[in-house]
Amino acid sequence: MIDTDLLIVGSGFAGLWAAIAARDAGIDRVLLVDKAAIALSSQSKMSAGATIYCLDGDDADMWLRDVAEAQGYLCHQDMVADMLATSERRLRCLESWGVTYQRVPLMRRYMRLPSRGFKHVRMLVRPQWGKRVGGAAVIGALKAQVTRRRVQKRSRLLVTGLLTGGGRVAGAVGIDRSSGAVEVIRARAVLLAAGDCSFRGNYIATDHATGDAFRLAYDAGARLSNMEFLAVNTGSPSYGFEGTGVILRRGGRLLNAQGKPFLADYDPDADAAEIGALVQSMAREVRRGHGPPFYLDLRRTNRRRLSFMLSRAASLPRITLEKLAAAGVDIFRTPQEWVPAVQSLRGGVRTDIDGRSDVPGLFAAGLAQAFDPGLFNGWSSMRAMWAGERVGRAAAAFVREAGPVSLDAEQVEACTRAALTPLARPQGPEPDEVIEALQRALFPFEVCILKSADRLRSALETIEHLAVTAAALHASDPHELAKAHETANMVRTAELFLRASLARTESRGDHCREDYPDRDDRHWLRWITLRRGERGAAEVATEPVPLSNYALHPAGDPVP
Ligand SMILES: Cc1cc2nc3c(=O)[nH]c(=O)nc-3n(C[C@H](O)[C@H](O)[C@H](O)COP(=O)(O)OP(=O)(O)OC[C@H]3O[C@@H](n4cnc5c(N)ncnc54)[C@H](O)[C@@H]3O)c2cc1C
């Protein structure tokens, strides 16, 4: 058994910042675990690293309004305000650790790009640390700080269950993905920084996002919220291409199967509309028989300028453009096939501003935490780093105040058995079959992009059947064992997404109900929460957004 003070699950931006903050707050024993290689397999590492920072001289109140409007007033304004107020401090920290962001050539000021979906908010781009560029640079710098602070690290440990006792969290159980051995960890507090869920869809670099944190917290009795908001982005089906946010604002266009631009038919902002609006328009165009395929057309763009912008905005496009050119593909001359790509379920563990969940001692940070429903350029990184720092400190305070924990032997035994059950079964369905069936049920555009009660109900019925299959999965080796757990997590997450989508009878942001097409502020300035009920069934409830405590209200609308 491993004994620690604070167990941090996940080593992306949120987990690494949390480890640094907890050590700096004086906690000796901090254990950072990841189901893949520490720091190297996270979305954070694969990201472009564009990050919103509110700097001295920026109008923080205006930025807060920008965010509240873009998030349909469902964000936690207290959290956003704190995030903006403290972002410059985190920037200075990163700089003191050797990270630089792109500067305007020949001038000393930062290059600051608009962030798609916001009017005023600006982001810094192209972080660099030594030879590393993008999210990998920030991750490299953070990992070096974690190592310097002697945080204990453990790679390839998939956490499969949380242990509780005496009304609080008491540790976790995990599987070593190489050996298949079970590890029991006793911890005074557990911080989930294990990311979100992309259902193993076709968005690049999101394979580890299998909803693990959601299921761990849910099974331990914590509430989840915002589970109805699924961010579907767009991308190439043939190669990993990031940077649509930049391209479509600078002359790039989406074309339908007939080679015609179509977005202006649906949205006054046309190609500059938010990503969610773009994919909803693509789905409507499918209904009219005008697609698929769809294409990204860069023929009217300024090639030199856009290539330069892309190389500054991110690391992935630069690498991809070079490789594509070498392979004889000129994306500026030939329109490229373009598809919707499921990126990120924006829900998560319902917490307070310090990341405390409903279960004492259980914290959540980053994309594991419910915070706001929308996905915007530079926003997720800022949010993950803010939460990591703040929640890491709060978890450290809890550890200092809370006494030691003891483990319940029976619970440990049951959790260990549950972790290994798929391996012990002589036969049963394989995880891959279930993942494919889940994607068939969830990914049709009429389920995940344009929703309606009947289609959501029918998908839910399929997912409920799949949940039974997922509970009987067979695994033949440690690799398949890990996949069996991830599959069950995705099935549970899909169920909660569909239940929450059914409950929200309005349209707002990425949640588009064709049977309730309007935004309904009178009834729906509320969060939907889900909790595991007494007999295991999900309990759906709503909670008003506390607008009377917040600075900003939707213009002219009554506050419920
Ligand atoms: C290609 C790409 C480009 C992006 N570009 C940008 C950008 O430019 N700007 C921006 O703001 N955002 C961007 N994002 C989004 C951003 O990277 C993420 O929102 C952010 O990094 C999330 O950080 P996190 O720490 O919450 O989660 P992650 O970085 O996803 O880390 C979660 C970690 O938890 C581990 N884990 C999960 N489950 C378990 C378990 N059961 N046991 C143990 N470990 C577990 C995972 O292996 C992973 O390492 C991009 C995302 C992608 C995929």
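Residues numbered from 1 in each chain as written. Predicted model: local features only at pLDDT ≥ 70, side-chain atom pairs only at ≥ 80, totals over all residues. Heavy atoms only, no water.

Colleague: Looking at this structure, how should I read the side chain of Asp297?
Modeller: Looking at the secondary structure, you find Asp297 in strand E15 (residues 294-297). Excluding residues that lie within four positions of it along the chain, Asp297 makes contacts with Gly251, Gly252, Arg253, Leu255 and Pro335. (Helix = DSSP H or I, 4+ residues; strand = E, 2+ residues; numbered from the N terminus. Contact = heavy atoms within 4.5 Å.)

Colleague: Mind showing me how you'd approach the packing of helix H15 (residues 453-470) against helix H16 (residues 478-503) here?
Modeller: In a packed pair of helices, the relevant descriptors are the angle between the two axes and the axis-to-axis distance. As a packed pair, H15 and H16 sit with axes 9 Å apart at the nearest point and diverge in direction by 155°. In terms of orientation, H15 lies roughly antiparallel with respect to H16. Judged by the sense of rotation from one axis to the other, the crossing of H15 with H16 is left-handed. Contacts between H15 and H16 involve Ala453, Leu456, Arg457, Ala459, Leu460, Ile463, Glu464, Leu466, Ala467 and Ala470 on the former and, on the latter, Ala488, Val491, Ala494, Glu495, Leu498, Arg499, Ser501 and Leu502. In terms of residue class, the contact of H15 with H16 is built from 13 nonpolar, one polar and four charged. (Axes fitted to C-alpha atoms, helices over the stretch in contact; angles between N-to-C directions. Parallel < 35°, antiparallel > 145°, perpendicular 65-115°, else oblique. Left-handed = near helix turned anticlockwise from the far one by under 90°. Nonpolar A, V, L, I, M, F, W, Y, C, P; charged D, E, K, R; others polar.)

Colleague: I would appreciate a short explanation of the site of the ligand in the present structure.
Modeller: By nearness alone, 38 residues border the ligand, and Asp34, Ser44, Ala50, Asp212 and Ser381 come closest of all. Ala14 is positioned with one of its backbone polar atoms (N or O) 3.0 Å from an oxygen atom of the ligand. A distance of 3.4 Å separates an oxygen atom of the ligand from a polar backbone atom of Gly378. Against a free-state accessible area of 1,000 Å², the protein chains account for coverage of 96% of the ligand. Going through the elements one at a time, helix H1 (13-24), helix H2 (43-46), strand E9 (157-165) and helix H11 (379-401) are the ones with two or more residues in the shell around the ligand. Ranked by the residues each element gives to the shell around the ligand, the list is headed by H11, at four residues. In the shell around the ligand, the residues fall into 18 nonpolar, 16 polar and four charged. (Near = heavy atom within 4 Å. Polar contact = N/O pair within 3.5 Å; in protein donor to acceptor, adjacent residues only side chain to side chain. Areas by Shrake-Rupley, 256 points an atom, 1.4 Å probe, with all protein chains shown as cover.)

Colleague: Where do I start with helix H4 (residues 77-96) in this structure?
Modeller: For an α-helix the count is 3.6 residues per turn, leaving residues at separations of three or four pointing the same way. A rise of 1.5 Å per residue sets the reference length of H4, with its 20 residues, at 28 Å; its end C-alpha atoms lie 29 Å apart and thus fit the reference within 8%. At Thr86, H4 shows its strongest bend, of approximately 40°. Along H4, the residues that are buried comprise Gln77, Met79, Val80, Asp82, Met83, Leu84, Thr86, Ser87, Arg90, Leu91 and Leu94. Of the surrounding elements, those touching the buried residues of H4 are H1, helix H3 (60-70), strand E5 (122-124), helix H5 (135-148) and H11. Just past H4, the residue Gly98 takes up positive phi, approximately 100°. (Expected span 1.5 Å × (residues − 1). Bend = angle between axes of the 7 residues up to and from the residue. Buried < 20%, exposed > 50% of the residue type's maximum accessible area, 1.4 Å probe, protein only.)

Colleague: Looking at this model, I keep getting lost on the sheet that holds E15. Mind explaining?
Modeller: In any sheet, the strands associate via hydrogen bonds between backbone groups, in a parallel or an antiparallel arrangement. In spatial order, the strands read E13-E16-E15-E14; together these four strands make up an open sheet with antiparallel pairing. In this open sheet, the two edge strands, each paired with only one partner strand, are strand E13 (230-235) and strand E14 (253-255). Direction aside, neighbouring strands of the sheet carry axes that sit 45° apart on average. Relative to strand E16 (residues 336-345), E13 is paired through six bridges, and the arrangement is antiparallel. (Pairing = 2+ DSSP bridges.)

Colleague: How do you make sense of the pairing of E16 when you look at a structure like this?
Modeller: Across a regular strand the side chains alternate sides, sitting on one face of the sheet and then on the other. Among the 10 residues that make up E16, eight are buried, leaving the element largely enclosed by the rest of the structure. Relative to E16, E15 is paired through three bridges, and the arrangement is antiparallel. Within E16, the position partnered with Leu296 by the bridge is Gln336.

Colleague: Even after reading the chapter, I still don't get the sheet that holds strand E12 (residues 224-225), so can you show me in this structure?
Modeller: Pairing is mixed in the open sheet, where five strands are placed in the order E19-E17-E12-E22-E23. Of all strands in the sheet, those bounded by a partner on one side alone are strand E19 (369-370) and strand E23 (538-544). Two elements, strand E17 (residues 348-350) and E19, share two bridges in a ladder whose sense is parallel. Bridging from a neighbouring strand, Val349 pairs with Gln369 of E19. Each of E12, strand E22 (526-532) and E23 touches H16; the most contacted strand, E22, lies at about 140° to it.

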